[in-house]
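# Descriptive structure summary
The chain contents come next:
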Amino acid sequence: VYIAGNGKDTNDGKSPATPVRTFARAKELLTTGAYTSGANIRVCNSTVQISAGDDQWSFDPGGYVTNTTTGETWKPKVIRYDRFKGRLLGIYRGSSFASTVTFTDIIIDGGSEEGIVATTETEDQLLHINYGGTAILGENAILQNNRKMLATYSSGVYGMGVYVCGGTLEINGGTIQNVGIDSS
């Protein structure tokens, strides 16, 4: 299921040309559509600026989903689409955005273990928390596998996990792993 900041929840989420807008809709499609074991939610096209009302990012306990159509159960990820190099998720201020987002029983993955590695100095973190925003990494929330390879390291390059700019990050059982910047 494809998701993007410029998506629409009336879309089918079946391709980068028709992404959905919210995690709630992507999860619904993953659990009710014709998806099978191994299917993921892929962030494409633009940063998902988390909307008001979409503030609980969680799969079933342990991070699993069960598809009601196929009957299959698996552990999906929210993962970077290989052609998208920007930030995956953003918590921003404004009445149309969620000010506090809780992540539990979910894996947010930058895709570096699948060969998706950034090579420019763009802002491509897994999560950006802006002024007044709060992210809570609860039980079994994992932010992982986001790497950047640069020819030379620059002090103006931001980290690859979470970029907090006037916001708050609470880690209550969550994990951030295998994120960083390498130089050749």
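Look up: the structure comes first, before these words.
Residues numbered from 1 in each chain as written. Predicted model: local features only at pLDDT ≥ 70, side-chain atom pairs only at ≥ 80, totals over all residues. Heavy atoms only, no water.

## Quick notes on the pattern of salt bridges
Enumeration over the complete set of coordinates arrives at 3 salt bridges. In this structure, Glu114 engages Arg42 in a salt bridge whose closest nitrogen and oxygen atoms are separated by 3.8 Å. Of the two residues, Glu114 is situated in the loop between β10 (106–109) and β11 (127–129) and Arg42 in strand β2 (residues 41–43); the sequence distance between them amounts to 72 residues. Assessed through its relative accessible area of 44%, Glu114 is described here as partly exposed. Here Arg42 falls in the partly exposed class, since its relative accessible area comes to 22%. Close ionic contact of Asp109 with Lys77 constitutes a salt bridge, the shortest N to O distance being 3.6 Å. With Asp109 in strand β10 and Lys77 in the loop between β6 (73–74) and β7 (78–80), this residue pair connects regions lying 32 residues apart in the sequence. (Salt bridge = Lys/Arg side-chain N within 4 Å of Asp/Glu carboxyl O. Helix = DSSP H or I, 4+ residues; strand = E, 2+ residues; numbered from the N terminus. Buried < 20%, exposed > 50% of the residue type's maximum accessible area, 1.4 Å probe, protein only.)

## Let's talk about the sheet that holds strand β3 (residues 48–49)
Strand order in the open sheet formed by 4 strands is β3-β8-β11-β14, with parallel pairing between adjacent strands. On the outer flanks of this sheet lie β3 and β14 (162–164), each paired with one strand and no other. (Pairing = 2+ DSSP bridges.)

## Re the sheet that holds strand β4 (residues 56–58)
Across a sheet, paired strands are connected by hydrogen bonds in the backbone, their directions being either parallel or antiparallel. Pairing within the open sheet is parallel, and its 4 strands lie in the order β4-β9-β12-β15. Across the chains shown, the open sheet's two edge strands, defined by having one partner strand only, are β4 and β15 (168–171). Each neighbouring strand pair of the sheet contributes to a mean axis angle of 15°, computed without reference to strand direction. Of the strand pairs in this sheet, strand β12 (residues 134–137) and β15 are connected by 4 bridges, and their pairing is parallel. Residue Thr134 lies in a different strand from β15, and its bridge partner there is Thr168. (Axes fitted to C-alpha atoms, helices over the stretch in contact; angles between N-to-C directions.)

## So, the pairing of β12
A regular strand places its side chains on the two faces of the sheet in alternate fashion. Residue alternation in β12 divides its side chains into two sets, Thr134 and Ile136 and Ala135 and Leu137, and both sets are buried. Across 4 bridges, the pairing between strand β9 (residues 100–104) and β12 is parallel. Each residue of the ladder has a partner; that of Phe103, found in β12, is Leu137.

## Quick word on the packing of aromatic side chains
Applying the stated rule across the entire model yields 5 aromatic pairs. Aromatic pair Phe23 and Phe59: ring centres 5.4 Å apart, planes at 65°, arrangement edge-to-face. With a gap of 36 residues between them, Phe23 in helix α1 (residues 23–32) and Phe59 in the loop between β4 and β5 (65–66) connect regions that are remote in the sequence. Look at Phe23 and you get buried, because its relative accessible area is 1%. We classify Phe59 as buried; its relative accessible area is 3%. Seen in terms of ring centroids, Tyr92 and Phe97 are 6.2 Å apart; in terms of plane orientation they differ by 65°. Their pairing is edge-to-face. Here the aromatic cluster, defined as three or more aromatic residues joined through ring pairs, consists of Phe23, Trp57, Phe59 and Phe103. (Phe/Tyr/Trp six-rings, centres within 6.5 Å; stacked < 30°, edge-to-face > 60°.)

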